[in-house]
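As a plain string of letters, each chain reads:
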Amino acid sequence: MADSSSRQTKFILDEDRMPRTWYNIAADLPVPLPPALHPGTGKPAGPDDFAPIFPMALIGQEVSTEREIEIPEPVRDAYRLYRPSPLHRAHRLELSLDTPAHIYYKYEGGSPAGSHKPNTAIPQAFYNREQGVRRLATETGAGQWGSALAFAGALFGLEVKVYMVRASYDQKPYRRILMETYGASVVASPSPTTDYGRRVLAETPDSPGSLGIAISEAVEDAATRDDTKYSLGSVLNHVLLHQTVIGLEALEQMAMAGEEPDVIIGCAGGGSNFAGLSFPFAGRKLRGEADYRIVAVEPEAAPSLTRGVYAYDFGDTGHLTPLVKMHTLGSEFIPEPIHAGGLRYHGMAPLVSLLREEGVIDARSVHQRAAFEAGVRFARTEGILPAPESTHAIKAVIDEALEAKEAGQARVILFNLSGHGHFDLASYERYLAGMLEDYEYPAEKVEEALAALPRV
Ligand SMILES: Cc1ncc(COP(=O)(O)O)c(C=O)c1O
């Protein structure tokens, strides 16, 4: 290993080198993205169908095929609170694994909310405010997305209402308090405040909730109030677009480090942090400028990319959203209450799904105990306590690094450390006490949910 007094650990970009445009992978796709369909007519949904719940600027980004989309100056100004984010070389993790692999990570946990989620919460709040919207409704799984939107709402003077998945509401009370401190109001989902929530509670009073249910409640809230729009923290094209600021910075920072990644890894719930890091690299791969192996890592309890089907499905459990073509386990599938609440989703971003279908990216799934074991190892070597979602990526990184050792290869691995786990200590406590359980892949429940897929 290099002399430790001279080895570089962080690669830092000056503020003026923060990207001025987001990267839109729609410009480089090998085949066009299948359009979203209206849930009633089954016909391609147009801007008017989305207008009740999203501002026009975001609808425009959702369907744009322009390669570069300008980041408005007020958004760049808010990004400057925490961007550019650092790229780290994980020297100490490498040493503990005794691997010839070089491991780099982009750290998004230094944002005010503690994850990558403000990268899209800020522009979403900005464009809504520009259109005169006063209130936003949203769902949150882990609480990271709700915290990010609550923070962005505070920056741009918008009221924020958060439907927080019941399992996370109970596991992570401090996330709720953070959202309330930013000024948001938070209810556990399913909640008695929407028609859909009341229906779920009537059938299943002790429902742990799911992202699919919370999305239905937030969409219903936005669709039934004139002053409110809906905001989604993942899955949609414009969300993934905003997150590409991560990968655009990483391209420059890897050049500063003088290395090209062989493997790029991110955990995937709805796909936004994975896409955020990997799409600018995937774009180079699609344009024939470079080659990378790109791997999405999902939980064994909700493995949409690895075991789901590629089909049109609803984004929510209450069937209020348009139909999108994606890898899905069925919109009625409720994942087990794993501690990585942000990965408990039945579907996957249509853009990520298409790239998987086209063989541009790979996917694998991991159990939560193995993920937490990797997270603890990371904390004990690199010092940062990762969010439970991010530990899924770390598990895959460690496996890659050990394979490189076996093969005697100096592989370069880049991953996205999407958030810190400071509000997830109860989960770490359960892991350390040996009380965390693994859930087998719920084949029967998935089969049942897939039987109910809409016919398109
Ligand atoms: C820290 C963290 N990483 C990853 C995710 C998964 O979401 P996505 O796949 O959209 O990045 C979440 C979701 O809440 C999260 O909080």
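Residues numbered from 1 in each chain as written. Predicted model: local features only at pLDDT ≥ 70, side-chain atom pairs only at ≥ 80, totals over all residues. Heavy atoms only, no water.

Of regular secondary structure, the chain possesses 18 helices and 15 strands. Against the compact-globule benchmark of 23 Å for 456 residues, the chain has a radius of gyration of 20 Å, which places it among compact chains. If you line up the chain on its principal axes, its C-alpha atoms span 65 × 50 × 45 Å. Expressed as a percentage of the 456 residues in the chain, the buried residues total 61%. Contacts in the chain between residues far apart in sequence, at least 24 positions, make up 77% of those at least 6 positions apart. Element-wise, carbon and sulfur atoms account for 49% of the exposed surface of the chain, whose accessible area totals about 16,800 Å². Computed over 43 positive and 60 negative side-chain charges, the separation of the two mean positions in the chain equals 3 Å. (Helix = DSSP H or I, 4+ residues; strand = E, 2+ residues; numbered from the N terminus. Rg over C-alpha atoms; globule rule 2.2 N^0.38 Å. Buried < 20%, exposed > 50% of the residue type's maximum accessible area, 1.4 Å probe, protein only. Contact = heavy atoms within 4.5 Å. Areas by Shrake-Rupley, 256 points an atom, 1.4 Å probe, with all protein chains shown as cover. Lys, Arg positive; Asp, Glu negative; His and termini not counted. Charge placed at Lys NZ, Arg CZ, Asp CG, Glu CD.)

Moving on to the site of the ligand. By nearness alone, 17 residues border the ligand, and Ser234, Gly269, Gly271, Ser272 and Ser418 come closest of all. At a separation of 2.8 Å, an oxygen atom of the ligand approaches a polar side-chain atom of asparagine 273. Serine 418 is positioned with one of its side-chain polar atoms (N or O) 2.7 Å from a nitrogen atom of the ligand. Judged by the fraction of its atoms near the pocket grid, the ligand is located in the largest cavity. When the residues that make up the shell around the ligand are grouped by side-chain class, the tally is four nonpolar, eleven polar and two charged. (Near = heavy atom within 4 Å. Polar contact = N/O pair within 3.5 Å; in protein donor to acceptor, adjacent residues only side chain to side chain. 1 Å grid on protein atoms, 1.4 Å probe; cavity = no way out; pocket = protein on both sides within 12 Å on 5 of 7 lines; lining within 4 Å. Sits in = over half its atoms within 2 Å of the grid points. Nonpolar A, V, L, I, M, F, W, Y, C, P; charged D, E, K, R; others polar.)

The set of residues buried in helix H17 (residues 425-432) consists of Ser427, Tyr428 and Tyr431. Buried residues in H17, looked at end-on, bunch into an arc of 100 degrees, giving them a common side. Residues of H17 that are exposed and point more than 90 degrees away from the buried face comprise Leu425 and Glu429. Among the residues trailing H17, glycine 434 stands out with phi positive, at a value near 70 degrees. (Arc of directions from axis to C-beta.)

Right, let's get into the layout of surface pockets. Roughly 650 Å³ of volume is contained in the largest pocket. Lining the largest pocket are 42 residues, and of these Leu33, Ala36, Glu62, Asn237 and Val324 sit closest to its centre. Elements that contribute at least two residues to the lining of the largest pocket include exactly helix H2 (56-63), helix H10 (211-223), helix H11 (237-257), strand S13 (323-328) and helix H14 (350-357). Residue classes in the lining of the largest pocket are distributed as 31 nonpolar, nine polar and two charged. (Points joined across faces, edges and corners; volume = space filled by probe spheres on them.)

The subject of this paragraph is the confidence of the model for the chain. When the pLDDT values of the chain are averaged, the result is 96; 99% of them are 70 or greater. At the low end of the mean pLDDT range in the chain sits helix H7 (residues 166-171), at 89; at the high end sits strand S2 (residues 21-23), at 99. (pLDDT = per-residue confidence, 0-100.)

Further remarks concern the packing of helix H5 (residues 118-130) against H11. Close contact between H5 and H11 brings their axes to 8 Å; oriented N to C, the two are set at 125 degrees. Overall, the two elements H5 and H11 adopt an arrangement that is oblique. In this structure, the crossing between H5 and H11 has a hand that is right-handed. Contact residues: Asn119, Thr120, Pro123, Gln124 and Tyr127 in H5; His238, Val239, His242, Gln243, Val245 and Ile246 in H11. Counted by class, the contact of H5 with H11 contains five nonpolar, six polar and no charged residues. (Axes fitted to C-alpha atoms, helices over the stretch in contact; angles between N-to-C directions. Parallel < 35°, antiparallel > 145°, perpendicular 65-115°, else oblique. Left-handed = near helix turned anticlockwise from the far one by under 90°.)

What follows covers the nonpolar core. Counting 88 residues, the largest nonpolar core has Trp22, Tyr79, Ile122, Tyr230, Phe279 and Val352 as its most contacted members. With residues near it in sequence (within four places) discarded, tyrosine 79 still touches Met18, Trp22, Ile71, Pro118, Asn119, Ile122, Pro123, His242 and Val245. If you look at the next biggest cluster of nonpolar residues, it comprises 32 residues, including Tyr105, Tyr107, Ala301 and Val397. (Core = buried A, V, L, I, M, F, W, Y, C linked by side-chain atoms within 4.5 Å.)

Take the sheet that holds strand S8 (residues 185-189) next. Reading across from one edge, S8-S7-S6-S9 is the order of the four strands in this open sheet, with parallel pairing throughout. With partners counted over all chains shown, the strands left at the sheet margins are S8 and strand S9 (228-230), one partner each. Mean inter-strand twist for the sheet, computed between neighbouring axes without regard to direction, equals 25 degrees. Sheet topology places strand S6 (residues 135-140) next to S9; three bridges connect them, and they run parallel. Looking across to S9, one finds that arginine 135 is bridged to threonine 228. Contacting S6, strand S7 (159-165) and S8, helix H8 (residues 173-181) crosses the sheet at an angle of about 170 degrees to S7. Relative to the sheet, H10 contacts S6, S7, S8 and S9, its axis offset from that of S6 by approximately 170 degrees. (Pairing = 2+ DSSP bridges.)

A separate point is the sheet that holds strand S11 (residues 293-299). If you trace the seven strands from one edge of the open sheet to the other, you get S1-S4-S5-S15-S10-S11-S14, paired in mixed fashion. Every interior strand has two partners, whereas the edge strands, strand S1 (10-11) and strand S14 (362-366), have only one. The sheet contact formed by strand S10 (residues 263-267) and S11 spans five bridges and is parallel. Note on S11: the bridge partner recorded for valine 263 is arginine 293. Taken strand by strand, helix H16 (residues 388-407) contacts strand S5 (102-107), S10, S11, S14 and strand S15 (412-417), and its axis lies near 150 degrees from that of S10.

With that settled, consider the side chain of histidine 88. As for its placement among the helices and strands, histidine 88 is situated in strand S4 (residues 87-89). On the accessibility criterion, histidine 88 (12% relative accessible area) is buried. The contact partners of histidine 88, leaving out residues within four places of it in the chain, are Thr9, Lys10, Ile103, Tyr104, Tyr105 and Tyr107.

For the structure on display, the rule yields 29 salt bridges. Here glutamate 108 and arginine 83 are joined by a salt bridge, their closest N and O atoms 2.8 Å apart. Highlighted residues: glutamate 108 in the loop between S5 and H5 and arginine 83 in the loop between helix H3 (73-79) and S4, separated in sequence by 25 residues. Assigned by exposure class, glutamate 108 and arginine 83 land together as buried. Put simply, aspartate 195 and arginine 198 hold a salt bridge, and the shortest N to O gap is 2.5 Å. In this pair, aspartate 195 and arginine 198 are both assigned in helix H9 (residues 195-203), three residues apart and thus about one turn of the helix distant. Overall, the relative accessible area of 40% leaves arginine 198 in the partly exposed class. In the salt-bridge network here, residues are joined through shared partners; they are Asp28, Arg67, Glu260, Arg284, Arg287 and Glu289. (Salt bridge = Lys/Arg side-chain N within 4 Å of Asp/Glu carboxyl O.)

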